[in-house]
Amino acid sequence: MERAKKVAAVVSKDGDGEYRSISEAIAEAPNLSSEKYTIYVEGGIYEEYISIPTEKTNIMIVGKGKQYTRIIGNRSTSTGTALDQTATVAVYGSGFVAKNIAFVNNAGREAGQGVALLNRATQTAFYRCSFEGYQDTLWAASGRQFYRECEVYGTVDFIMGNAAAVFQNSKLYARPKLFITFTAQSRAGQYEPTAFVFQFCKFTISPEAARGRSEVARATLGRPWRAYSRVVIMESYIDSIIDPKGWEVYDSVPTDKLSYIEYGNGGGGAKTDGRMTWPGVQAVSDAQKVVWYTASKFLHADAWIPQTGIPYHGGL
């Protein structure tokens, strides 16, 4: 892929740029910028832990492609590290954008919790990125977040947090493990305007597991990390690896206040006849019941996504 037309800094491991590490480029980016500050990252394996602090607003990182520009870490809670400190990349600065980059935590399937991306910022967007890990791969913690044409790989609770997050045209890949939960959304109060929304997405097994489907013996769409957990899946493909019950309990978290909505989905796992009978589990056919969760309404996308240059679908 060609470099972005307006590039403020270039990172290259071979010295063909102003910086050899992404962290260096971010450290010297302007503080509290009101315009996008674009850092182009050449292809390569970047073994570093990166933090985008709150004062580094409107940072845009553009890679050569998710298979070429890869940021890799291997921390996990199995060594006593706090969960937020396991993140390969942590985003706190609002307006952050990433394109064509892989965020990876390769601690391994048996290492326990290990975050590839922790996102605590608002009005952030990711385009054609890959998030690769196992348990807790993508921590979409807070703020308005948008993911387009991305891939997320994991095992247990691998998309987690309490952001108002919309995923469009993305692939959610279950990696080999006997117990799989795609989401763990953690909305804690009934008035919090948060949820995970999946539109035109695909819930399926990862390419590495495709040759051994028996290794993914049990998969569900998610479980409630907090009592008011909310997930909306619409106009998406749900693979037959999904258990007919659809959803999973989470320790002692109550299940009478959550909201799990499915609308217009297809695939072998999309049948809702056998879903959990909790009050908030709904299979709806009326578009008016899900229109509020579209990007334009739920994220107020029209006010900020166009300036990122990322395509999006505003409605149903």
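Bear in mind the structure is a predicted one, so any value in this text is a computation, not a measurement.

What counts and how
Residues numbered from 1 in each chain as written. Predicted model: local features only at pLDDT ≥ 70, side-chain atom pairs only at ≥ 80, totals over all residues. Heavy atoms only, no water. Pairing = 2+ DSSP bridges. Helix = DSSP H or I, 4+ residues; strand = E, 2+ residues; numbered from the N terminus. Axes fitted to C-alpha atoms, helices over the stretch in contact; angles between N-to-C directions. Salt bridge = Lys/Arg side-chain N within 4 Å of Asp/Glu carboxyl O. Buried < 20%, exposed > 50% of the residue type's maximum accessible area, 1.4 Å probe, protein only. Disulfide = S-S within 2.5 Å. Polar contact = N/O pair within 3.5 Å; in protein donor to acceptor, adjacent residues only side chain to side chain. Contact = heavy atoms within 4.5 Å. Domains from an automatic or database assignment. Buried area = accessible area lost by both parts, 1.4 Å probe.

Caption draft 1: Region of the structure containing the sheet that holds strand S22 (residues 219-222). Across the sheet, which stays open at both edges, the seven strands sit in the order S4-S7-S10-S13-S16-S19-S22 with parallel pairing between neighbours. A single partner strand is all that each edge strand has here, and the edge strands are strand S4 (50-52) and S22. Here the strands of the sheet are splayed against their neighbours by 10 degrees on average, with no regard to which way each runs. In this sheet, strand S19 (residues 180-185) lies alongside strand S16 (residues 156-161) in parallel orientation, the contact comprising four bridges.

Caption draft 2: Geometry of the sheet that holds strand S9 (residues 102-105). With respect to topology, eight strands assemble into an open sheet ordered S3-S6-S9-S12-S15-S18-S21-S24, the strand pairing being parallel. In this open sheet, the two edge strands, each paired with only one partner strand, are strand S3 (44-46) and strand S24 (237-238). Here two bridges tie strand S21 (residues 202-205) to S24, and the two strands are oriented parallel to one another. Bridging from a neighbouring strand, Phe 203 pairs with Ile 238 of S24.

Caption draft 3: Local environment of the pattern of salt bridges. In total, this model carries eight salt bridges according to the counting rule given. Across the salt bridge formed by Glu 248 and Lys 245, the nearest N and O atoms sit 3.6 Å from each other. The same class applies to Glu 248 and to Lys 245, which are both buried.

Caption draft 4: A look at the state of the cysteines. Under the defined criterion, the tally for this structure stands at zero disulfides. This cysteine, Cys 150, is not joined by any disulfide, and Cys 129 carries the nearest cysteine sulfur, 5.0 Å off. Cysteine Cys 201 is unpaired, with the sulfur of Cys 150 as its nearest cysteine sulfur at 9.4 Å. For Cys 201, a relative accessible area of 4% corresponds to the buried category.

Caption draft 5: Molecular detail of the side chain of Thr 294. Considering the arrangement of structural elements, one finds Thr 294 in the loop between strand S26 (281-284) and helix H2 (295-298). Here Gly 314 takes part through its backbone oxygen, which lies 3.3 Å from a polar atom of the side chain of Thr 294. Setting aside residues no more than four positions away along its own chain, Thr 294 makes contact with Met 234, Leu 299, Gly 314, Gly 315 and Leu 316.

Caption draft 6: The domain arrangement of the protein, seen in detail. According to the domain assignment, the protein consists of domain 1 (1-132) and domain 2 (155-301). The C-alpha centroid of domain 2 is placed 26 Å from the C-alpha centroid of domain 1. Taken together, the contacts link four residues of domain 1 with five residues of domain 2. Each partner contributes to the roughly 340 Å² buried at the junction of domain 1 and domain 2, and carbon and sulfur atoms together form 49% of this total. When the buried area of domain 1 at its contact with domain 2 is split by residue, Leu 83, Arg 109 and Glu 132 rank highest and sum to 83% of it. In this structure, the connection of domain 1 to domain 2 is made through zero salt bridges. Counting across the interface, domain 1 meets domain 2 through one residue pair in polar contact (both at pLDDT 80 or more).

Caption draft 7: Geometry of the environment of Gln 123. Relative to the helices and strands, Gln 123 resides in the loop between strand S10 (117-119) and strand S11 (124-127). In this structure, the C-alpha to C-alpha distance between Gln 123 and Arg 144, residues 21 residues apart in sequence, is 5.0 Å. Among residues more than four places away in sequence, those in contact with Gln 123 are Gly 95, Phe 96, Arg 144 and Trp 304.

Caption draft 8: Seen up close, the pairing of strand S15 (residues 151-154). In S15, alternate side chains face the same way, and those of Glu 151 and Tyr 153 on one face and Val 152 and Gly 154 on the other are all buried. With three bridges joining them, strand S12 (residues 130-132) and S15 adopt parallel strand pairing. Its bridge partner lying in S15, Ser 130 is registered against Glu 151. Pairing of S15 with strand S18 (residues 171-174) involves four bridges; the strand directions are parallel. Note on S18: the bridge partner recorded for Gly 154 is Ala 174.

Caption draft 9: Local environment of unusual backbone geometry. Despite not being glycine, Asp 251 shows a phi value in the positive range, around 45 degrees. Note that Asp 251 resides in the loop between S24 and strand S25 (259-263). A positive phi is found at His 300, a non-glycine position, where the angle reads about 55 degrees. When you line up the elements, His 300 lands in the segment after H2.

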